[in-house]
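# Structure assessment
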Amino acid sequence: MSSPIGQRPHREPRSVLPWLAAPALVVFVGFAVVPLVGVFALSFTTWDGIGAIHPSGLTSWRAVLTDPGLPHALWVTFLVMAVSWAVQTPLSILLGTFMAGRQRYRAVLGVVYFVPLMLSSAAIALAYKALLDPNFGLGAGLRIQALSKDWLGRPGLAFGVVIFVVSWQFVPFHSLIYQGGVQQIPKSLYEAAQLDGAGRIRQFFSITLPQLKYTVITSSTLMVVGSLTFFDLIFVLTEGGPADATRVLALDMYKRGFQASLMGPASVIAVILVLVGLALALLLRRLGGRDAGASQLEGA
């Protein structure tokens with residue numbers, strides 16, 4: 001059928017989505033893929049960071065994999081990851097659920113809770129290091145004996161301080177994620193539960209937590225993979241001490257590369273961190289069990 005006079009025939013618009021994604025793809029390749037390939041190539045070389053780069057085959061890999069300090073650094077890294085997840089996740093879920101309420105004061109508290117995330121990790125570490133100083137810190141100033149311990153000089157206490165400071169900084173971010181997840185849960189579910197006589201605690205465990213399944217997977221992935229990159233906070237607080245009690249892989253990589261000028265072994269550790277992070281992310285995604293029908297918003 002011919003088109004009416006004065007009107008152009010309808011044409012199917014070309015898809016512009018590939019062109020919209022092109023800038024992000026260029027940035028990802030330039031700032032993620034290319035550096036990763038470069039680091040992987042450096043792991044097969046010998047380089048002090050200044051002079052010429054000399055290919056050395058598997059020398060750096062053998063040096064790192066046979067180093068007795070590597071299992072300890074791996075253990076500390078996974079321990080920080082597990083304990084920080086166990087501390088942050090319940091707190092984030094509770095705070096996120098609380099901030100999801102409609103009361104105005106909860107929105108104000110949400111803004112206040114988010115302040116630590118806006119601060120530099122190095123600045124936070126410096127502040128806590130000064131506050132926990134046994135001679136000039138908060139405990140000595142207030143003359144509170146319980147706060148005057150050598151918090152950063154004992155392995156167990158130093159590890160606990162690292163977990164506390166990490167949680168203090170990053171719980172607000174994950175609380176914001178859970179707040180969004182709770183706000184997507186249909187109100188009809190809670191209304192039906194109220195009609196059945198369920199209290200708030202029963203509603204939380206029977207409705208809120210099950211509906212937050214995929215939010216927990218997303219938050220846990222960010223939390224676990226992000227814990228592999230803890231460096232500046234631990235470096236300023238403890239420098240990996242005492243007795244390597246807080247020496248994680250990221251800090252070990254820095255010490256090898258920039259303090260010992262061993263860029264080859266440092267690159268090996270960087271590759272190990274990438275592989276561990278990728279494996280954990282895939283594992284968490286598999287645990288999520290998201291299928292095609294679960295691609296909709298949670299609670300919908």
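## Notes on the overall build of the protein chain
Looking only at helices and strands, one finds 13 helices and two strands in the protein chain. For 300 residues, the compact-globule estimate of 2.2 N^0.38 gives 19 Å, and the protein chain exceeds it by more than 25% at 25 Å. For the C-alpha atoms alone, the extent of the protein chain along its principal axes is close to 75 × 60 × 35 Å. Burial statistics for the protein chain: of 300 residues in total, 35% are counted as buried. Considering only intrachain contacts with a sequence separation of at least 6, the fraction spanning at least 24 residues in the protein chain is 67%. Mean positive and mean negative side-chain charge positions of the protein chain (21 and 13 charges, respectively) differ by 8 Å.

## Quick notes on unusual backbone geometry
In the segment running from glycine 241 into proline 242, the intervening peptide bond is cis, with an omega of -5°. In this fold, proline 242 is placed in the loop between helix H11 (232-237) and helix H12 (249-259). The phi dihedral of alanine 243 is positive, around 55°, even though this residue is not glycine. Following the sequence through the fold, alanine 243 ends up in the loop between H11 and H12. Take alanine 243: its relative accessible area is 72%, and that puts it in the exposed class.

## Remarks on the nonpolar core
Residues Val80, Val161, Val165, Leu233, Ile234, Leu237 and Val248 are the most contacted members of the largest nonpolar core, which totals 20 residues. Ranked by residue count, the leading element in this core is helix H7 (residues 155-183), at six residues. With residues near it in sequence (within four places) discarded, valine 248 still touches Ala73, Val76, Thr77, Val80, Phe230 and Ile234. In terms of nonpolar packing, the next biggest core, distinct from the first, is built from 17 residues, Trp61, Ala73, Val268 and Ile269 among them.

## Structural notes on the confidence of the model for the protein chain
The pLDDT averaged across the protein chain works out to 86; a share of 91% of its residues lies at or above 70. The secondary structure element of the protein chain with the lowest average pLDDT is helix H4 (residues 104-113), at 75, and the one with the highest is helix H3 (residues 69-99), at 94. Every residue in residues 291-300 is under pLDDT 50, and counting partners more than four places away or in other chains gives 15 contacts.

## Structural notes on the packing of aromatic side chains
Per the stated rule, a full pass over the model turns up ten aromatic pairs. The interplanar angle of 35° and the centroid separation of 6.1 Å between the aromatic rings of phenylalanine 44 and tryptophan 61 together place this pair among those described as tilted. Of the two residues, phenylalanine 44 sits in the loop between helix H1 (17-42) and strand S1 (45-46) while tryptophan 61 sits in helix H2 (residues 59-65), which places them 17 residues apart along the sequence. Exposure remark for phenylalanine 44: the relative accessible area of 26% places this residue in the partly exposed category. Measuring from centroid to centroid gives 5.6 Å for tyrosine 128 and tryptophan 168, while their planes differ by 75°, and the two rings are edge-to-face. In this pair, tyrosine 128 sits in helix H5 (residues 121-131) while tryptophan 168 sits in helix H7, placing the two residues 40 residues apart along the sequence. For tyrosine 128, a relative accessible area of 14% corresponds to the buried category.

Parameters at a glance
As a convention, each chain's residues are numbered from 1 in the sequence order in which they are written. The predicted origin of the model limits local features to residues at a pLDDT of at least 70 and limits the giving and counting of side-chain atom pairs to 80 or more, whereas totals for whole chains, interfaces and linings rest on all residues. No hydrogens and no water enter the side-chain calculation; it runs on all heavy atoms of the structure. Every helix listed is a DSSP run of H or I at least four residues long, and every strand listed is a run of E at least two residues long, numbered separately from the N terminus. Atoms counted for the radius of gyration: C-alpha only. Globule rule: 2.2 Å times the number of residues to the power 0.38. The cut-offs for exposure are 20% and 50% of the maximum accessible area for each residue type, with area from a 1.4 Å probe on protein chains only; residues under the lower value are buried, those over the upper are exposed, and the others partly exposed. Residue contacts follow a heavy-atom distance rule, with two residues in contact if any of their heavy atoms lie within 4.5 Å. Only four residue types enter the tally: Lys and Arg on the positive side, Asp and Glu on the negative side, with His and both chain ends excluded. In plain terms, the charge of a residue is placed at NZ if it is Lys, CZ if Arg, CG if Asp and CD if Glu. For the purposes of this section, nonpolar cores are sets of buried Ala, Val, Leu, Ile, Met, Phe, Trp, Tyr and Cys residues that join through side-chain atoms within 4.5 Å. pLDDT is defined as a per-residue confidence score from the predictor, taking values between 0 and 100. Each pair of aromatic rings taken from Phe, Tyr and Trp, with Trp reduced to its six-membered ring, is defined by centres within 6.5 Å and is described as stacked if the planes are under 30 degrees apart, edge-to-face if over 60, and tilted in the remaining cases.

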